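Understanding the architecture of this molecule
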Amino acid sequence: MSNGHLDPATSRLSVEASRPAKADTAVVFAGDGFYARAAMQVAQQLHMLHPERRFDICIAANDMPAAPPQSLSHLDLRRCAITTGGMFDGLRLDPGRTEIVYLRLALPQALRGEYRRILYLDSDIFVQGAGFDELLALDIGDRAIAAVKDNSQARTPRRVPEQFRRLGIPHAPYFNAGVMLIDVDRWLKQDITGRTVAFGRQHRDKMIRHDQNLLNGVLQGDWAELHPTWNWQYTAATNMLAEMVSPRILHFIGPRKPWSSRGGRHPLRYRQAFADFMARHFPDQPALPAVAPPEEAWMRRSLAKHVLSQGRTLRHLRRFRNEMTVLT
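Here we summarise the structure given alongside this text. On a predicted model such as this, the values are computed, not experimentally measured, just so you know.

1. Here's the deal with helix α11 (residues 296–317)
Where α11 bends most, at S309, the angle is about 60°. Lining the buried residues of α11 we find β8 (145–149), α4 (151–154), β10 (224–226), β11 (232–233) and α9 (239–245).

This is the structure we're talking about:
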């Protein structure tokens, strides 16, 4: 089925979907190939935690994502092919990357008229707590985006991220774009896609990374802050405390993932969960390589970081009354 072409302001954007929308809110991933399969693991976690969910789960890519195997048909995934028509031309790309790294910026335009709220999720996460229906309904004031403060500022809120220094922005709250609650109507009214693309072209030579820095550079603090439980960024300074806090979403930021050939920095249960999922539902894919033993140096570093920073991390958490608190 086709959603047709949107107006010219959206730069010739068009969408083809595997089925109609069944709800007015959605959890959406943007990825193809391996990352689409990783998204299916997260979708299964969401389904197990929300057997009677009131939101769609979508996987979007530039081409129609492959259909899930029959063993995952119960997830009722909605697959969307989004043709961007050159809207991201001129933006910075790292070697080996494609414009799919910017695709989340097109989601509100592509899916408008179908969803009033979108929860964008990266695929390198592990969901271990429910409440996503409630999250999708949170009051985020007049903001278009609600997100979690980035690890770079969570314990040192006055830190100026490297991207801001390069752009000459003295200071502003900076969020991690791996989990974003988007109010579609406000996003469109504020023309966030157009503004971020124009910003990225203007400052191409100063940009590092991709859409996260574009969004933060444009919004400069004009976003609502979610509790860290919704995007617990797994680092040497936070991995041990995660066992005490039990965040709802663990986000494996950085190049090391639980499925990486260079392991040793994540509890084996996350790697095993992914290995079991792949073996059951994608037996034709290569098995994960042998598990690397825990890295002794990493463990010592992690222990030292927790001793030095746990007080600041806990103060950051105490800014919220509960996990559904939104700071605007």
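2. Thoughts on the pairing of strand β6 (residues 117–121)
Most of β6 sits out of view: five of its five residues are buried. The side-chain alternation of β6 yields two buried faces, one formed by R117, L119 and L121 and the other by I118 and Y120. In the sheet, strand β3 (residues 25–30) pairs with β6 via four bridges, with the strands oriented parallel. The partner of T25 across the bridge, within β6, is R117. Of the strand pairs in this sheet, β6 and strand β9 (residues 175–183) are connected by five bridges, and their pairing is antiparallel. Residue pairing for β9: Y120 is matched across the bridge by M180.

3. Quick word on a nonpolar patch on the surface
On the surface, M240, L303, V307 and L308 cluster together into a nonpolar patch covering about 420 Å² of accessible area. When residues of the nonpolar patch are assigned to their parent elements, the largest contribution, three residues, is made by α11. For M240, the position within the fold is in helix α9.

4. With respect to the packing of helix α1 (residues 34–49) against helix α10 (residues 268–281)
Think of two packed helices as two axes; the pair is described by the angle between the axes and how far apart they sit. Interaxial distance between α1 and α10 falls to 11 Å at its minimum, and their mutual angle equals 105°. What the angle tells us is that α1 and α10 run roughly perpendicular. Residues F34, R37, A38, M40, Q41 and Q44 of α1 form the contact with α10, whose participating residues are A273, F274, F277, M278 and H281. Partitioning the contact of α1 with α10 into residue classes produces seven nonpolar, three polar and one charged.

5. Description of the layout of surface pockets
The calculated volume of the second largest pocket comes to roughly 260 Å³. Residue lining of the second largest pocket: 16 residues in total, with G264, R265, H266, P267 and M299 positioned closest to the centre. Mapped by element, the contributors of at least two residues to the lining of the second largest pocket are α9 and α11. Class assignment of the residues belonging to the lining of the second largest pocket gives a composition of 10 nonpolar, four polar and two charged.

6. Observations regarding empty space enclosed by the protein
One simple way to see leftover space: roll a probe sized like a water molecule over the atoms. In the structure shown here, the tally under the stated rule is three cavities of 30 Å³ or more. Mapped by element, the contributors of at least two residues to the lining of the largest cavity are β8, α4, β11 and α11. Within the lining of the largest cavity, the residues separate by chemical class into four nonpolar, six polar and two charged.

7. Re the environment of L119
Examined against the element boundaries, L119 turns out to sit in strand β6. Apart from residues no more than four positions distant in its own chain, L119 is found in contact with A26, V27, V28, F132, L135, L136, V179, M180 and L181.

8. Remarks on the sheet that holds strand β12 (residues 249–251)
Spatially, three strands are ordered β7-β12-β11 in an open sheet, and the strand pairing comes out mixed. The open sheet is flanked by β7 (125–127) and β11, the only strands paired with a single partner. The pairing of β7 with β12 spans three bridges and is classified as antiparallel. The partner of V127 across the bridge, within β12, is I249.

9. Structural notes on a positive patch on the surface
Taken together, R159, R301, K305, R312, R315 and R318 make up a surface patch of like positive charges. Structurally, the position occupied by R318 is in the loop between α11 and β13 (326–327).

10. Points about unusual backbone geometry
In this model, D191 sits at a positive phi of 50°, which is unusual for a non-glycine residue. By the secondary structure assignment, D191 is in the loop between α6 (184–189) and α7 (192–202). Notably, Q220 is not glycine yet its phi reads approximately 45°, a positive angle.

11. Considerations on the packing of aromatic side chains
Applying the stated criterion to the full structure yields 14 aromatic pairs. Summarising the aromatic geometry, the rings of F88 and Y102 are spaced 5.8 Å apart at their centres and angled 35° between planes, so their arrangement reads as tilted. Note that F88 is positioned in the loop between β5 (78–83) and α2 (107–111) and Y102 in the loop between β5 and α2, a separation of 14 residues in sequence. For the pair F88 and Y102, one class covers both residues: buried. A connected cluster of aromatic rings, assembled from ring pairs, spans F34, Y35, W259 and F274. Seen from the ring of F282, R37 lies directly overhead, with NZ or CZ sitting 5.9 Å from the centre.

Calculation rules
- Residues numbered from 1 in each chain as written.
- Predicted model: local features only at pLDDT ≥ 70, side-chain atom pairs only at ≥ 80, totals over all residues.
- Heavy atoms only, no water.
- Bend = angle between axes of the 7 residues up to and from the residue.
- Helix = DSSP H or I, 4+ residues; strand = E, 2+ residues; numbered from the N terminus.
- Contact = heavy atoms within 4.5 Å.
- Buried < 20%, exposed > 50% of the residue type's maximum accessible area, 1.4 Å probe, protein only.
- Pairing = 2+ DSSP bridges.
- Patch = residues over 30% accessible without salt bridge, like charges linked within 9 Å, V, L, I, M, F, W, Y side chains within 5 Å.
- Areas by Shrake-Rupley, 256 points an atom, 1.4 Å probe, with all protein chains shown as cover.
- Salt bridge = Lys/Arg side-chain N within 4 Å of Asp/Glu carboxyl O.
- Axes fitted to C-alpha atoms, helices over the stretch in contact; angles between N-to-C directions.
- Parallel < 35°, antiparallel > 145°, perpendicular 65-115°, else oblique.
- Nonpolar A, V, L, I, M, F, W, Y, C, P; charged D, E, K, R; others polar.
- 1 Å grid on protein atoms, 1.4 Å probe; cavity = no way out; pocket = protein on both sides within 12 Å on 5 of 7 lines; lining within 4 Å.
- Points joined across faces, edges and corners; volume = space filled by probe spheres on them.
- Lys, Arg positive; Asp, Glu negative; His and termini not counted.
- Charge placed at Lys NZ, Arg CZ, Asp CG, Glu CD.
- Phe/Tyr/Trp six-rings, centres within 6.5 Å; stacked < 30°, edge-to-face > 60°.
- Lys NZ or Arg CZ within 6 Å of the ring centre and 35° of its normal.

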